[in-house]
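Chain by chain, the residues:
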Amino acid sequence: MLTLAPEVPSSRGCSVVSYFERRFERRALVGLLVFLCCSVACFGERAGRGRTPAGSLRPVHLETEALTGPIGVDADHPRLSWQLAAMDAGAHDLSQTAYRVLVASSPDLLLTDVGDVWDSARVESADQLEIVFAGRPIQPVTRYYWKVKTWDQEHRASAWSATASWVSGMLSPLRWTAGWIGAERDQSPPASRNGGQPTPAQIRPLPLFRREFVAAKPIARAVVAVCGLGQYELRINGKNVTASVMNPGWTNYRKRVFYNMYDVTALIRPGLNALGVMLGNGMYDVPQVAGRYTKFSGSFGQPKLILQLTLHYSDGSETTVVTDQSWKTSAGPITFSSIYGGEDYDARQEHAGWDMPGFSALSWKPVVAMAGPGGELVAQLLPAIAVAKTLRPVRTHRFPDGRVVYDLGVNFSGWPSIAVRGPAGSRVKLLPGELLDASGHVTQASNDAGPGRENSFTYTLKGEGAESWHPQFSYNGFRYVEVSLIKAAREGSGPGPRPPVVIALWGSFLHDEVAVTGSFDRSKPLFLQIHRLIDQAILSNMFSVLTDCPTREKLGWLEQTHLAATSIMYNYDVRQLYEKMADDMADSQTASGLVPAIAPEFVAFVDEQGLSTDFRDTPEWGSASILSPLAAYRFYGDKAILARHYDTMQRYVAYLGSRAEGHMLRYGLGDWYDIGPRDPGVSQLTSKGLTATAIYYQDLLSMALIARLLGHEPDARLYGAEAALVKDAFNSAFFHPGTGEYDTGSQTANAMPLVLGMVPDGERARVLHSLVADVRRHVDHVTAGDIGFHYVVRALTDGDRSDVLADMLSRTDAPSYGYQLAHGATSLTEAWDSKASSSQNHFMLGHAEEWFYHGLAGIDIDFTRPRQERLQVRPFVVEGVAGAAAGVETVFGELRSSWQRVAGGVLYQIEIPAGQSARITLPAEKADDVRRVDKGGGWPATEYEANAGSVSFVAGSGHYSFVVRRLGDRGTTWRTRHDRALDERRRTVGERLAKPRVCHCTHGEGERAALN
């Protein structure tokens, strides 16, 4: 470590003396302004309430259970957290040294600084996250109010924060006095089936439920807890209770059932009121019907409902309205609904005013009391699904037969909406699809559907002027909608009815209502296009789980939950989603410890003997039960997800150990969808044993780390010892010392051991050389698949070869992102070559997103590191790119990093959130090449490290600007520290391609020719 004196920046035409004079004047002016502000604040506080002056920080953005003002928190000890904001936007090196939390039963008590529920007193701590409530016992369905004050690095108190609140949930199944009701009794559910011939299914219209009640006294507050399975819409006095759709989230209903809680005070009237509920099937009841597409068939039972409305009167009394046999039910206008096959709606079957008080329900029948599906009722904190965007057609094409194809411009997940006019009984059929066929009609080939097994939506008009409609309990992935207009049946001998007319058509983009936390911009246009391509696929598959695609499967395949974790987390706040998915994995774990490849496991991929196939039991997928919670901890810093699922992790890694032979695993899907001589699918270029064993090693290392984080040191030693044995066996089986490569020499084979630290001492440079050589040998194209590409990105980023990634991502011929864009893709496709038979909306190959943030902009977040280095910024400047900018709203606040080429060097701008520090690493041969140019002046740290072309130091909070002298001005470049020979070979790639290439893998002559 070297001590560095503050450098005096060289100004154009200015002397050192004038520099210091101006700097002194600035500081004097800033000091005067701060003094005046503090004096005013001090006077105001003392005049108003006798408080001391506020410190340099203030707490903001208060959260309960990682949510702002949540309703329905089923936690006896909820977790509280906050961010910090600087009172002076230009301040640096601010930190929290203490805090005090007050929780009260009313906001008035907080105004007098009384926490009658909890007063933490002053706690000497820098912690802002997951402060566990430790006050009086939480009562059900109760609103709590809280605020916090902090003390800064100079032990000065802040003002109190704004007041935040949460509403507790039911807290216990014993609190439910409501019962489950349905329209008819459950039947023996059919076994889940994956495809196959249609099984007989009696299709009934979906049911409606209603009940009237009286609000006898003035209402202070009304809160309803509701669960409708598979999905529901709740209405009070004719109004939809929530803007979200397709509630509740999907779960294994035998283990866990979500209920939602809403504050409905504004909807309750004095006197008579009405509750109305529509139910849908969702993943709870999947019928298989001839003529409609179905991935699998299976049922947890008949649609059913449980609801408990609590009315808090102004006089302090309360009453409840619950689901019981006083409710009435009737068939509704949704005549068919399938999460896979679509939805049909007959507006002639509507019951006008059914959700309003005073409706005559004489023809409605009594409900049936039912048992629940078996799972425990728990509050849903998972973000609800909502209409995030409305998409209008960008072009239309009308065919001679009257059919019209609407192009909505982008591939997305959701449903089409229409406004129509026409005679009663006429129909509008909507056929959604991702692609068009050669004749310009919609094709559902990428959906594995088509004529005879289609996904479609049909609306039958009631004939009362302009009518509007969209599906309610089904959705699909699509860009195009083909509309067919069908006349009503002829009545009598008169002229036939005219066809309906579509007034307007639009699309509704549906996905989890997650907060946007990241931005990537100001970079190479192609990179920005790739970013949008990946982002569209991520959003389209964020649907209660992380689906593989919004079309043919809609299943929660698990490998992407850990491989793409940081790519997702850089862009969106998915704390609650990752906690929910960890619960899904735990609920799906078998008695043997196996975690299946999908969760919730709505369908088991087994053979005719009932034994698990590789599509059910594959280590790269099941290991998400360990690696996904750890990824969430690394990014968000909440150990609770690790502690809650430690047993699940232990059981799974023990299961893998039971399947290991000689500390090796040799089964599974391997590097799924890699690019070889055959159509993509099971790994072609890399041995299954390499990916499976490498993941097993990663699991063991992760378990050792998790055990230490949770204080289980004996477990940590055991896992570490087993990991060492696996590493030795892996290297004995796959490493070739003579060539410096692994297995077949594929990109995946070399990247995984590099990232996971499995390479023998002294061999990393050679293995990295082999990885780069293979990329160059393929003319900067990727060959890795679903599993391996994540590790290729990480290996090249960690190995300071972002230049290779930049070249790879700049390709526009197949296989590449650029090729997909050039051929019209608007969301990331399943296959690198975007072939029409594969899904056109998959994010499993979207790992470039991680490089945009982590490699190019250099933002890195990892809570397993020491506190002052949890945030790191290490940008990478690459040739052919003028700059890059990225920002991430971390749990502490926004961390930003940008760079751009300027005269004489590269300008770096970095923003570290208030109360935090970060390690900054800049590409420079020595410290003299780095000059700070923001108004703070000088260096932000007294110590730095200069190593092999980089200068690294820890900086406190604030905004920093540096200019780094361009390395080329010193007679070298960032890239020339690496292997010049590789670059020379790349420059002569055209000459090499003129000669037959030797395949680096083990293939026959025909396969070798295909590779060349």
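Residues numbered from 1 in each chain as written. Predicted model: local features only at pLDDT ≥ 70, side-chain atom pairs only at ≥ 80, totals over all residues. Heavy atoms only, no water.

Digging into the overall build of the protein chain
Step number 1: In terms of regular secondary structure, the protein chain is built from 21 helices and 55 strands.
Step number 2: Per-residue burial for the protein chain yields a buried fraction of 60% across its 1012 residues.
Step number 3: Put simply, of all contacts in the protein chain between residues at least 6 apart along the chain, 75% involve residues at least 24 apart.
Step number 4: If you sum the accessible surface of the protein chain, you get close to 38600 Å²; carbon and sulfur atoms cover 52% of it. (Helix = DSSP H or I, 4+ residues; strand = E, 2+ residues; numbered from the N terminus. Buried < 20%, exposed > 50% of the residue type's maximum accessible area, 1.4 Å probe, protein only. Contact = heavy atoms within 4.5 Å. Areas by Shrake-Rupley, 256 points an atom, 1.4 Å probe, with all protein chains shown as cover.)

Notes on empty space enclosed by the protein
Step number 1: This structure, assessed with the given rule, holds seven cavities of 30 Å³ or more.
Step number 2: In this model, the second largest cavity occupies a volume close to 100 Å³.
Step number 3: The wall of the second largest cavity is formed by E65, A66, R79, E130, R575, E579, A632, Y633, Y636, G637, D638 and I641.
Step number 4: Looking at the lining of the second largest cavity, the elements that each hand over two or more residues are α6 (575-588) and α8 (624-636).
Step number 5: A per-element tally of the lining of the second largest cavity places α8 first, with three residues.
Step number 6: Its residues assigned to classes, the lining of the second largest cavity comprises five nonpolar, one polar and six charged. (1 Å grid on protein atoms, 1.4 Å probe; cavity = no way out; pocket = protein on both sides within 12 Å on 5 of 7 lines; lining within 4 Å. Points joined across faces, edges and corners; volume = space filled by probe spheres on them. Nonpolar A, V, L, I, M, F, W, Y, C, P; charged D, E, K, R; others polar.)

Let's talk about the sheet that holds strand β18 (residues 271-280)
Step number 1: Pairing within the open sheet is antiparallel, and its six strands lie in the order β16-β15-β18-β13-β24-β27. Both outer strands of the open sheet, β16 (239-240) and β27 (365-366), are each paired with one neighbouring strand and no more.
Step number 2: Sheet analysis places strand β15 (residues 231-236) next to β16, joined by two bridges and oriented antiparallel. By the bridge assignment, R235 is partnered in β16 with N240. (Pairing = 2+ DSSP bridges.)

Regarding the pattern of salt bridges
Step number 1: Enumeration according to the criterion identifies 56 salt bridges in this entry.
Step number 2: In this structure, the salt-bridge partner of D807 is R776, at a minimum N-O distance of 3.0 Å. Taken together, the residues D807 in helix α16 (residues 802-809) and R776 in helix α14 (residues 764-777) connect sequence positions 31 residues apart. The same class applies to D807 as to R776, namely buried.
Step number 3: Several salt bridges converge on common partners, so that one network encompasses E65, R79, E130, R256, E579, D583, D587, D638 and R644. (Salt bridge = Lys/Arg side-chain N within 4 Å of Asp/Glu carboxyl O.)

Description of unusual backbone geometry
Step number 1: With an omega of -5°, the peptide bond running from N247 to P248 counts as cis.
Step number 2: Of note in this structure, H155 is not a glycine but carries a positive phi near 60°.

Some words on the packing of aromatic side chains
Step number 1: Taken as a whole and assessed by the stated rule, the structure comprises 46 aromatic pairs.
Step number 2: Where W557 meets F605, the ring centres are 5.4 Å apart and the plane angle is 25°; that geometry is what we call stacked. With W557 in the loop between β43 (545-546) and α4 (559-563) and F605 in the loop between α6 and α7 (619-622), this pair connects stretches of sequence that are 48 residues apart.
Step number 3: Classification of W557 by relative accessible area gives buried; the value is 10%. (Phe/Tyr/Trp six-rings, centres within 6.5 Å; stacked < 30°, edge-to-face > 60°.)

Some words on the sheet that holds strand β2 (residues 57-64)
Each strand in a sheet pairs with another by means of backbone hydrogen bonds, the pair being arranged parallel or else antiparallel.
Step number 1: Across the sheet, which stays open at both edges, the three strands sit in the order β2-β4-β8 with antiparallel pairing between neighbours. One side of each edge strand has no neighbouring strand; the edge strands of this open sheet are β2 and β8 (131-132).
Step number 2: Strand direction decides the pairing type here: strand β4 (residues 79-86) and β8, joined by two bridges, are antiparallel. Note that in β8 the partner of R79 across the bridge is V132.

A short note on helix α12 (residues 713-734)
Step number 1: For α12, spanning 22 residues, the distance from its first C-alpha to its last is 31 Å, which sits close to the expected 32 Å at 1.5 Å a residue.
Step number 2: Along α12, the residues that are buried comprise A716, Y719, A723, V726, A729, F730, N731 and F734.
Step number 3: Of the surrounding elements, those touching the buried residues of α12 are α10 (646-659), α11 (688-709), β44 (735-736), β45 (741-742) and α13 (747-756). (Expected span 1.5 Å × (residues − 1).)

Focus on the nonpolar core
Step number 1: Core analysis: the biggest nonpolar cluster contains 230 residues, and F527, I530, L555, V574 and Y817 have the highest contact counts within it.
Step number 2: With twelve residues, α11 is the largest single contributor of residues to this core.
Step number 3: Core analysis: the next-biggest nonpolar cluster, separate from the first, contains 26 residues, A215, Y232, L307 and L311 among them. (Core = buried A, V, L, I, M, F, W, Y, C linked by side-chain atoms within 4.5 Å.)

A short note on the confidence of the model for the protein chain
Step number 1: In this model, the protein chain carries a mean pLDDT of 90, and residues with pLDDT of at least 70 account for 88%.
Step number 2: Within the model, the stretch residues 195-200 combines pLDDT values under 50 with eleven contacts to residues more than four positions away or in other chains.
Step number 3: Long-range and interchain partners of residues 968-1012, a stretch whose pLDDT sits below 50, account for 67 contacts in this model, where long-range means more than four residues apart. (pLDDT = per-residue confidence, 0-100.)

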